[in-house]
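Letter by letter, the chains look like this.
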Amino acid sequence: MAQSLARVKRRISAVESTRKITNSMKLVSSVKLRKMNKIVTLQAFYFRAMERALSDAIFYNNLNDECKYDSPFIKENESATKNLYILVTSNMGLCGAYNNEIVNFFKIIYKKGDEVLIIGEKGYLNLLKEDIPLDTNFLNLRHDFSLRTTKLLTDYLMKKYLKGNYKKISLIYSKYKNSIAFIPSEVILLPLTPKQNVNAIYSPIYEPSKKDVIETIIPQYLNSLIYGNLYSAFLSEESSRRNSMDAADKSAKDLVEKLKLEYNKARQQEITQEITEVVNGSKAVQ
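This is a predicted model, so every value here is computed, not measured.

Each value, and the rule that gives it
- Residues numbered from 1 in each chain as written.
- Predicted model: local features only at pLDDT ≥ 70, side-chain atom pairs only at ≥ 80, totals over all residues.
- Heavy atoms only, no water.
- Salt bridge = Lys/Arg side-chain N within 4 Å of Asp/Glu carboxyl O.
- Helix = DSSP H or I, 4+ residues; strand = E, 2+ residues; numbered from the N terminus.
- Buried < 20%, exposed > 50% of the residue type's maximum accessible area, 1.4 Å probe, protein only.
- Phe/Tyr/Trp six-rings, centres within 6.5 Å; stacked < 30°, edge-to-face > 60°.
- Lys NZ or Arg CZ within 6 Å of the ring centre and 35° of its normal.
- Patch = residues over 30% accessible without salt bridge, like charges linked within 9 Å, V, L, I, M, F, W, Y side chains within 5 Å.
- Areas by Shrake-Rupley, 256 points an atom, 1.4 Å probe, with all protein chains shown as cover.
- Lys, Arg positive; Asp, Glu negative; His and termini not counted.
- Charge placed at Lys NZ, Arg CZ, Asp CG, Glu CD.
- Polar contact = N/O pair within 3.5 Å; in protein donor to acceptor, adjacent residues only side chain to side chain.
- Contact = heavy atoms within 4.5 Å.
- Pairing = 2+ DSSP bridges.
- Axes fitted to C-alpha atoms, helices over the stretch in contact; angles between N-to-C directions.

Student: Account for the pattern of salt bridges, naming residues and giving values.
Tutor: Opposite charge on two side chains permits them to pair, given that their charged atoms come into close proximity. Applying the stated criterion across every chain, the model contains 17 salt bridges. Across the pair Asp-249 and Arg-19 runs a salt bridge, and its minimum N-O distance is 3.1 Å. Of the two residues, Asp-249 sits in helix H5 (residues 210-285) while Arg-19 sits in helix H1 (residues 2-59), which places them 230 residues apart along the sequence. Taking relative accessible area as the criterion, Arg-19 reaches 29% and is therefore assigned partly exposed. The salt bridge partner of Lys-151 is Asp-155, with a shortest N-O separation of 3.0 Å. Placement of the pair is Lys-151 and Asp-155 together in helix H4 (residues 147-162), with a separation of four residues, close to one helical turn.

Student: Just give me the short version of the packing of aromatic side chains, but keep the residues and values in it.
Tutor: Following the criterion strictly, the structure yields nine aromatic pairs and no others. One cation-aromatic arrangement involves Arg-142 over Phe-234; the distance from NZ or CZ to the ring centre is 4.4 Å.

Student: Summarise a positive patch on the surface; cite the residues concerned and give the values.
Tutor: A cluster of basic side chains, namely Arg-7, Arg-10, Arg-11 and Lys-258, defines a positive patch on the protein surface. The element best represented in the positive patch is H1, accounting for three residues. Relative to the elements of secondary structure, Arg-11 occurs in helix H1. Taking relative accessible area as the criterion, Arg-11 reaches 38% and is therefore assigned partly exposed.

Student: Residues and numbers for the side chain of Ser-185, please.
Tutor: In this fold, Ser-185 is placed in strand S5 (residues 181-190). A relative accessible area of 13% places Ser-185 in the buried class. Here Ile-183 takes part through its backbone oxygen, which lies 2.9 Å from a polar atom of the side chain of Ser-185. The contact partners of Ser-185, leaving out residues within four places of it in the chain, are Ile-102, Phe-105, Leu-171, Ile-172, Tyr-173 and Lys-175.

Student: Any details on the sheet that holds strand S1 (residues 82-88)? Residues and values, ideally.
Tutor: Taken together, the five strands give an open sheet; going across it, the order is S3-S2-S1-S4-S5, and neighbouring strands pair in mixed fashion. Both outer strands of the open sheet, strand S3 (134-135) and S5, are each paired with one neighbouring strand and no more. Relative to strand S4 (residues 166-178), S1 runs parallel, the two being bridged by five bridges. Across the sheet, the residue bridging to Lys-82 is Tyr-166, located in S4. Packing of helix H2 (residues 98-109) onto the sheet brings it into contact with S1, strand S2 (115-119), S4 and S5, and relative to S5 it is tilted by some 45°. Strands S1, S2, S3, S4 and S5 of the sheet are contacted by H4, whose axis makes an angle of about 150° with S4.

Here it is in structure tokens:
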């Protein structure tokens, strides 16, 4: 009986130690989430402004031959036969089904011959055994995520698209909806598909020219598009990790309560047995 009590006590101690770790990780993720949420909101405002500027530059004055300008980043590469996918996963685990969901979503749309630029070690390890060409130039972008590193990725993708080898370049990521819902999504980066601003009345005035304006806006627009969606993916990762740690914390709490009940029952049985032995011993002396 004493050995049984000691065993239960050790299990309680081990579970409580684990709970301290999961609770600490939950708190860290919660702090990161609050900070990242603010940045995502501000980035969305900036991206909408860039989208309007690009839309106005592309769609207005097209009837005027002097103002026409067709960017190669808006045209499809008609002779291309494959696609390039940027797959965004995490470097660390403990984030629930986050990586599995996005990889499974990717496998549904992937076709043999397409290429993959992988971001995140978990996705790389998952696809390493598959017969898929993997570009690892930005594998650890998450470690040094900033506008600078995103611009490097943007320039890299623009150069690859200009070679004419890809029908499209898409970003496969987890779109953040709310703290408990993350939707595996695909967004086409190239060719650019801006929406026309139907509310605009007057055509913009271009200085020095429409060509210069569009060539200046496109890299900034694309960089903003990539940066915002990557941030959404990383926000989904942290939120998924927080939810996983919260669930683990609750499970640990329930297990501790169950073990304490088991310990108390065993302790009660031990005390009852000791009292019985004392009573029986007393009767035997009489």
